[in-house]
Amino acid sequence: MARGRARSADPVWLAAYRATRPKVERKIAHLMRRRHGGRRARVRGRAKIAADFSLLAAAVNVARLGVLGIMSTGSDKWAVAAG
């Protein structure tokens, strides 16, 4: 814990944290508020809840790829669609 506290006191680490954290928190809040029914779980058990949330996040990411026009070109390569 002491190493973590020392690292978090570093101004470079703190700047990166402050730049990234609001985006992450906003996206998690958006997932919970819009598509997941708030703070209520749709299933019982931590493993099922984790799987449900992972599936939700994957679906949101795939939908976002479509909005951005990114598609697979085969053989593990991705490209932005022209147009």
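Above this text sits the structure in question.
The rules behind each value
- Residues numbered from 1 in each chain as written.
- Predicted model: local features only at pLDDT ≥ 70, side-chain atom pairs only at ≥ 80, totals over all residues.
- Heavy atoms only, no water.
- Helix = DSSP H or I, 4+ residues; strand = E, 2+ residues; numbered from the N terminus.
- Rg over C-alpha atoms; globule rule 2.2 N^0.38 Å.
- Buried < 20%, exposed > 50% of the residue type's maximum accessible area, 1.4 Å probe, protein only.
- Contact = heavy atoms within 4.5 Å.
- Areas by Shrake-Rupley, 256 points an atom, 1.4 Å probe, with all protein chains shown as cover.
- Patch = residues over 30% accessible without salt bridge, like charges linked within 9 Å, V, L, I, M, F, W, Y side chains within 5 Å.
- Salt bridge = Lys/Arg side-chain N within 4 Å of Asp/Glu carboxyl O.
- Lys, Arg positive; Asp, Glu negative; His and termini not counted.
- Charge placed at Lys NZ, Arg CZ, Asp CG, Glu CD.
- Pairing = 2+ DSSP bridges.

**Observations regarding the overall build of the chain**
Right, so step 1: Along its length, the chain carries three helices and two strands.
Right, so step 2: Listing each helix as α and each strand as β along the chain from the N terminus yields α-α-α-β-β.
Right, so step 3: Relative to the compact-globule value of 12 Å for 83 residues, the chain shows a C-alpha radius of gyration of 18 Å, a clear excess of over 25%.
Right, so step 4: Within the chain, buried positions represent 6% of all 83 residues.
Right, so step 5: In the chain, the proportion of contacts linking residues at least 24 apart, taken out of those at least 6 apart, comes to 10%.
Right, so step 6: If you sum the accessible surface of the chain, you get close to 7,300 Å²; carbon and sulfur atoms cover 60% of it.

**Section: a positive patch on the surface**
Right, so step 1: Taken together, the side chains of Lys23, Arg26, Lys27 and Arg64 define a basic patch exposed on the protein surface.
Right, so step 2: In this fold, Lys27 is placed in helix H2 (residues 11-35).
Right, so step 3: Judged by relative accessible area, which is 43%, Lys27 ranks as partly exposed.

**Considerations on the environment of Val24**
Right, so step 1: Its location among the elements puts Val24 in helix H2.
Right, so step 2: Accessibility expressed as a relative area gives 37% for Val24, which makes it partly exposed.
Right, so step 3: Each C-alpha atom, one on Val24 and one on Arg46, is 22 Å from the other, the two residues being 22 residues apart in sequence.

**Topic: the pairing of strand E2 (residues 77-80)**
Right, so step 1: One ladder, built from four bridges, connects strand E1 (residues 70-74) with E2; its direction is antiparallel. Pairing of Ser72 across the sheet is with Trp78, part of E2.

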